[in-house]
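Report on the structure
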Amino acid sequence: MTKAYDPYENMLHVMQTAADTLGLKDSDYEIFKYPERELKVSVPVTMDNGTVRVFDGYRVQHSTLRGPAKGGIRFHPNVDMQEVKALAAWMSIKCAIADIPYGGGKGGVCVDVQQLSEGELERLTRGYTARIAPIIGEDTDIPAPDVNTNGQTMAWIMDTYSKVSGQYTPGVVTGKPVEIGGSVGRTEATGRGVMICAHEMVEREGLAASQCKVAVQGAGNVGMTAARLMQETGFTIVALSDISGGIYKESGLDTREIAEYLSVKGRLLRDYQADGVTHITNEQVLSCKCDLLVPAAMENQITASNAEEVRAHMIVEGANGPTTTEADAILADKGILVVPDVLANSGGVIVSYFEWVQNRQMYYWEEEEVNDRLQQKMLHAFEQVYKVAKKYKVSLRQGAYMIALQRLVAASRMRGIFL
Ligand code: GLU
């Protein structure tokens, strides 16, 4: 029987393999196996009908060795401590690869947002913020959007934190709306980064985007933006899915039209109709005939039980942790190249960093500058990961973790252990 999926175990396994390849001593990286701080809070919310419900919330700081903890907050029924711990560790790795001056953190609330009214959601967000306020701050731990949270959520967090601390503090959170100190380009940044990685991968394989058919799992901010930008830059998007199922069109979907369709709250892909579009299952999106697959939904999607069916020869991970370690081995055997999450979806946190820099300077950049700098950082990170992977004859994921570990270990050695 296969063991139940544990995202933190998954992370530890990849880290351990990278440490072995680098020949690190246990004492060099022992501390990275444990988050620095784990906070669990109970958040009472007065519901619209007058009853009180209490939600479980978490904030984990995996590492603050390279800078303040940084990472999103997700609202999802699957959120628990193991998941938040894994997501926090992935942020430490991601920020180290992107070489931005942050450690890693993550937060979450176990909740089904579909069941809440706008008012309930606001009260939940503010209650959660007040409870994690003692450990967040612009120089300590900086949240951002993640699954089911967005600019509005960040606005409530910034407002609550500013009120509680008695000081206007835009830099306590990133991914804010531009009207209140957000950065232009932040909303699309993760999807844009995925698009940049897809082009890099394809080019290095000697292909042109115009020759590549792409399937995208997930039509949220990351998946939908990646699909749209990839189509705009020459790829053919043949499949796309959301929680309700998938759609397929061999000659290519119209992603701009789909994005517009989905922008109306409550609409789902299962009800989308257009010429030549057929409806398929979420599983079929992962295994459909395409050259490049972008899992951009949740973790634990490409597993030992479906990896064999993947027909794409390249994968660019838009989501965090979509591929299990067992699946990774199967994909490698099949010769499928994987641009790992910690590189492929780092566009979001890179522009979060730009937002934080702008907040601290109280000086705001033009969109072109944001996008150019994002591209520069992503290409640089990609090149470094690619080189290390080639040199050690390992996967891009291993290469990425090796770079991150080297940087984390270097910081740890220099700072030493305080008592
Ligand atoms: N939630 C995003 C991620 O997983 C963004 C984090 C951030 O911008 O801090 O990378």
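Residues numbered from 1 in each chain as written. Predicted model: local features only at pLDDT ≥ 70, side-chain atom pairs only at ≥ 80, totals over all residues. Heavy atoms only, no water.

When helices and strands are counted, the protein chain shows 14 helices and 13 strands. In terms of overall dimensions, the protein chain is globule-like: its C-alpha atoms have a radius of gyration of 20 Å, near the 22 Å expected for 419 residues. In terms of its C-alpha atoms, the protein chain occupies a principal-axis envelope of roughly 55 × 55 × 50 Å. Expressed as a percentage of the 419 residues in the protein chain, the buried residues total 58%. Here the contacts in the protein chain between residues at least 6 apart in sequence split such that 69% fall between residues at least 24 apart. In the structure as shown, the protein chain presents an accessible area of about 17,700 Å², 49% of it carried by carbon and sulfur atoms. Within the protein chain, the 52 negative side-chain charges are centred at a point lying 4 Å from the centre of the 42 positive side-chain charges. (Helix = DSSP H or I, 4+ residues; strand = E, 2+ residues; numbered from the N terminus. Rg over C-alpha atoms; globule rule 2.2 N^0.38 Å. Buried < 20%, exposed > 50% of the residue type's maximum accessible area, 1.4 Å probe, protein only. Contact = heavy atoms within 4.5 Å. Areas by Shrake-Rupley, 256 points an atom, 1.4 Å probe, with all protein chains shown as cover. Lys, Arg positive; Asp, Glu negative; His and termini not counted. Charge placed at Lys NZ, Arg CZ, Asp CG, Glu CD.)

Let us now look at the nonpolar core. In summary, soluble globular proteins display a tendency toward joint burial of nonpolar side chains. Core analysis: the largest hydrophobic core is formed by 90 residues, its most contacted members being Phe235, Leu240 and Leu292. In this view, Leu292 contacts Ala198, Val202, Lys213, Val214, Ala215, Met230, Phe235, Ala312, Met314 and Val316; residues no more than four positions away in its chain are not counted. Within the second largest apolar cluster, 24 residues are counted, among which are Ile73, Ile132, Tyr161 and Val172. (Core = buried A, V, L, I, M, F, W, Y, C linked by side-chain atoms within 4.5 Å.)

Further remarks concern the pairing of strand β8 (residues 236–242). For β8, a buried count of 6 out of 7 residues is recorded, marking the element as mostly surrounded by other parts of the structure. Bridge count for strand β7 (residues 213–217) against β8 is 5 bridges, and the pairing is parallel. Along β8, the bridge assignment pairs Ala215 with Ala239. Running through helix α7 (residues 221–232), the crossover from β7 to the neighbouring parallel element β8 is right-handed. The pairing of β8 with strand β9 (residues 245–248) spans 4 bridges and is classified as antiparallel. Note on β9: the bridge partner recorded for Asp242 is Gly245. (Pairing = 2+ DSSP bridges. Right-handed = clockwise from strand over helix to strand, strands pointing away.)

Taken in spatial order, the 4 strands of this open sheet run β1-β2-β5-β4, and their pairing is mixed. This sheet does not close on itself; its edge strands, each paired only once, are β1 (37–46) and β4 (73–75). Strand-to-strand twist in this sheet, taken as the mean axis angle between neighbours without regard to direction, amounts to 20 degrees. (Axes fitted to C-alpha atoms, helices over the stretch in contact; angles between N-to-C directions.)

It is worth spelling out the site of the ligand at this point. The environment of the ligand is made up of 14 residues, and the closest members are Lys70, Lys94, Pro145, Asp146 and Ser352. Side-chain polar atom of Lys70 to an oxygen atom of the ligand: 2.8 Å apart, as the coordinates give it. A distance of 2.7 Å separates a nitrogen atom of the ligand from a polar atom in the side chain of Asp146. Relative to its free-state accessible area of 300 Å², the ligand is covered by the protein chains to the extent of 95%. Taken together, the elements giving at least two residues each to the shell around the ligand come down to α3 (81–98) and α12 (347–361). Per-element accounting of the shell around the ligand gives the leading share, 3 residues, to α12. Here the shell around the ligand is composed, by residue class, of 4 nonpolar, 5 polar and 5 charged. (Near = heavy atom within 4 Å. Polar contact = N/O pair within 3.5 Å; in protein donor to acceptor, adjacent residues only side chain to side chain. Nonpolar A, V, L, I, M, F, W, Y, C, P; charged D, E, K, R; others polar.)

Turning to the sheet that holds strand β12 (residues 314–316), a few remarks are in order. Strand order in the open sheet made by the 7 strands is β10-β9-β8-β7-β11-β12-β13, with mixed pairing throughout. In this open sheet, the two edge strands, each paired with only one partner strand, are β10 (278–280) and β13 (337–339). Each strand axis lies, on average, 20 degrees off the axis of its neighbour in the sheet, ignoring direction.

Together, Glu283, Glu308, Glu309 and Asp333 make up a region of like negative charge exposed at the surface. One can find Asp333 in helix α10 (residues 325–333). (Patch = residues over 30% accessible without salt bridge, like charges linked within 9 Å, V, L, I, M, F, W, Y side chains within 5 Å. Salt bridge = Lys/Arg side-chain N within 4 Å of Asp/Glu carboxyl O.)

Attention shifts here to a nonpolar patch on the surface. Taken together, Tyr168, Met362 and Tyr364 make up a surface patch of nonpolar side chains, about 340 Å² in accessible area. Within the element layout of this structure, Tyr168 appears in the loop between α5 (151–165) and α6 (186–204).

Scanning the model with the defined rule gives 7 aromatic pairs in all. Ring geometry for Tyr102 versus Tyr353: centroids 5.7 Å apart, planes at 85 degrees, classification edge-to-face. Of this pair, Tyr102 sits in the loop between α3 and β5 (104–109) while Tyr353 sits in helix α12; the two residues are 251 residues apart in sequence, bridging distant segments of the chain. Assigned by exposure class, Tyr102 and Tyr353 land together as buried. (Phe/Tyr/Trp six-rings, centres within 6.5 Å; stacked < 30°, edge-to-face > 60°.)

Another point: the pairing of β5. Counting buried residues in β5 gives 6 out of 6 residues, a clear majority hidden from the surface. Neither face of β5 is open: one carries Gly104, Lys106 and Gly108, the other Gly105, Gly107 and Val109, and all of them are buried. Two strands pair when backbone bridges link them, and strand β2 (residues 52–63) and β5 are joined in this way by 6 bridges, in the antiparallel orientation. The residue of β5 that forms the bridge with Gly57 is Val109. Both β4 and β5 contribute to a ladder of 3 bridges, which runs parallel. When the sheet's bridge partners are listed, Phe75 is paired in β5 with Val109.

Taking 1.5 Å as the rise per residue, helix α14 (residues 396–415) with 20 residues should run 28 Å; its terminal C-alpha atoms sit 29 Å apart, in good agreement. Immediately beyond the C-terminal end of α14, within one or two residues, lies Gly416, with a positive phi of roughly 70 degrees. (Expected span 1.5 Å × (residues − 1).)

The next thing to look at is the side chain of Glu83. Along the chain, the position of Glu83 falls in helix α3. A polar contact is formed between the side chain of Glu83 and the side chain of Arg74, at a distance of 3.3 Å. Leave out the neighbours within four places in its chain, and Glu83 touches Pro7, Arg74, Asn78, Met298 and Glu299.

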